[in-house]
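A look at the structure
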Amino acid sequence: MTAKTFHKGTGHRQRLRDKFLASGLAGFHDYEIIELLLTLGTPMRDCKAPAKAALAEFKTLQGVMAAATEELCRVPGIGPKNVFGIKLIKAVADRYLQKRVLERPLIGNSAQLLDFLNHTIRDNSREVFLAIFLDAKNRVLDTEVMSEGTVTESPVYVREIVRRAMDRNAAALICCHNHPSGDATPSKNDFAITRRLVYACRTMGIAVHEHLIIAEQGHYSFADNGDMARIQRHWDAMEEGAGVG
């Protein structure tokens, strides 16, 4: 009879699983959470060292979860197989949070919106521009990443956003993007894009309620800071000067 052989990490991994089943993630170190996720794809490998290396590379648990697959695979000990667990859990969480906001009014419910954005785009290592399409009652019809760029900028194609809004018969939309630098302060380009989007949408009868910038150090709301109202007033003044309406 051949004796069973056990991987040296088997007992440690089982203890982590038992600990999670007993009390959830309470008391877990971030690297232990990453370790468990890595073992979903490679259950017979010791994943502690790669988990610690990933945390050192991407600084936080959120950073590891948001990292691109090719970036994770550059970490020693992480490959296409064991990156599966991290990407699966991230995708499931994104889908869950998206479902929570779909078909619900978002105006006046900023906490739920921020939960969704903080998880889906805040810790992305590249700038991501997301559009949230709303119906006439401000219920969410759909969300879509419109562009993904570099560390400092993401190309935004206003015409494409307007087209996608019209395809969904949206009455309004909310724009969101992240600042990988961690500072949510809007740039001149952020203001310029917001103005262009508001003007283009208004010509098609679509309202732009908000533009949110999400970053590690907080968020910036164009609506709460009066920027959306100023842009709308400027458009009204231009229409009045041109004799429109």
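Look above for the structure.
Described in the following lines is the structure provided in the data block. (Residues numbered from 1 in each chain as written. Predicted model: local features only at pLDDT ≥ 70, side-chain atom pairs only at ≥ 80, totals over all residues. Heavy atoms only, no water.)

Thoughts on the environment of Gly79
So the rule is basically this: For the purposes of this entry, the term helix denotes a DSSP run of H or I that reaches at least four residues, the term strand denotes a run of E that reaches at least two, and both are numbered from the N terminus.
Examined against the element boundaries, Gly79 turns out to sit in the loop between helix H5 (69-73) and helix H6 (84-101). For the pair formed by Gly79 and Thr69, sequence separation is 10 residues and the distance between their alpha carbons is 8.9 Å.

What about the pairing of strand S3 (residues 172-178)?
Working note: regular strand, side chains alternate between the two faces of the sheet. What counts is decided by this rule: Relative accessibility decides the category of a residue: with a 1.4 Å probe and only protein chains considered, values under 20% of the type maximum give buried, values over 50% give exposed, and everything between is partly exposed. Strand pairing is assigned whenever DSSP identifies at least 2 bridges connecting the two strands. By convention, orient the strands away from the viewer: a clockwise path from the first strand over the helix to the second makes the crossover right-handed.
For S3, the buried fraction is high: seven of the seven residues fall into the buried class. Of the two faces of S3, the one carrying Ala172, Ile174, Cys176 and Asn178 and the one carrying Leu173, Cys175 and His177 are both buried. In this sheet, S3 lies alongside strand S1 (residues 128-134) in antiparallel orientation, the contact comprising six bridges. In the strand pairing of S3, Phe129 is matched with His177. Between S3 and its parallel partner strand S4 (residues 207-215), the chain crosses via helix H9 (residues 188-203), and the hand of that crossover is right-handed.

Observations concerning the packing of aromatic side chains
Put simply, the rule reads: Note on aromatic contacts: the rings of Phe and Tyr and the six-membered ring of Trp form a pair at centre separations within 6.5 Å, being stacked when their planes are under 30 degrees apart, edge-to-face when over 60 apart, and tilted otherwise. Placement of a charge over a ring requires the Lys NZ or Arg CZ to be within 6 Å of the ring centre, with the centre-to-atom vector within 35 degrees of the ring normal.
With the rule as written, the count across this model stands at two aromatic pairs. Taken together, a centroid distance of 5.4 Å and an interplanar angle of 85° make the contact between Tyr220 and Phe222 edge-to-face. For Phe222, a relative accessible area of 0% puts it in the buried group. The rings of Phe191, Tyr220 and Phe222 are connected pair by pair, giving a single aromatic cluster. When the ring centre of Phe28 is taken as origin, the NZ or CZ atom of Lys19, which lies over that ring, is 4.7 Å away.

Overview of the packing of helix H2 (residues 30-41) against helix H3 (residues 48-58)
Working note: a packed helix pair is described by the angle between its axes plus the distance between those axes. Using the following cut-off: Lines fitted to C-alpha atoms define the axes here, with helix axes fitted over just the stretch in contact, and angles between the N-to-C directions of these axes take values from 0 to 180 degrees. Note on angle classes: values under 35 degrees are labelled roughly parallel, values over 145 roughly antiparallel, values of 65 to 115 roughly perpendicular, and the remainder oblique. In this scheme the crossing of two helices becomes right-handed for a clockwise turn of the near helix relative to the far one and left-handed for an anticlockwise turn of less than a right angle. Only heavy atoms matter for contacts: two residues are in contact if any of them lie within 4.5 Å across the pair. Note on residue categories: nonpolar means Ala, Val, Leu, Ile, Met, Phe, Trp, Tyr, Cys or Pro, charged means Asp, Glu, Lys or Arg, and polar means any other residue, Gly included.
Between H2 and H3, whose axes approach to 8 Å, the crossing angle comes to 125°. Taken together, the axes of H2 and H3 lie oblique to each other. In the packing of H2 onto H3, the handedness of the crossing is right-handed. Contact with H2, carried on its side by Asp30, Tyr31, Ile34, Glu35 and Leu38, involves Lys48, Pro50, Ala51, Lys52 and Leu55 of H3 and no other residues of that element. Class assignment of the residues belonging to the contact of H2 with H3 gives a composition of six nonpolar, no polar and four charged.

A short note on unusual backbone geometry
Negative phi is the rule for most residues except glycine; trans is the rule for most peptide bonds. At Asn138, a position not held by glycine, the phi torsion is positive, near 65°. Counting through the fold element by element, Asn138 comes out in the loop between S1 and strand S2 (140-148). We note that Asn169 has phi near 55°; this positive angle belongs to a residue other than glycine. Locating Asn169 in the fold gives a position in the loop between helix H8 (158-167) and S3.

Points about H9
What counts here: To estimate the expected span of a helix, count its residues, drop one, and scale the result by 1.5 Å.
Along its 16 residues, H9 runs 23 Å from first to last C-alpha, staying within 8% of the 22 Å computed at 1.5 Å per residue. Looking at H9, one finds that the buried residues are Asp190, Ile193, Thr194, Leu197, Val198, Tyr199 and Cys201. Where H9 ends, the next residue or the one after it, Gly205, has phi of about 75°, a positive value.

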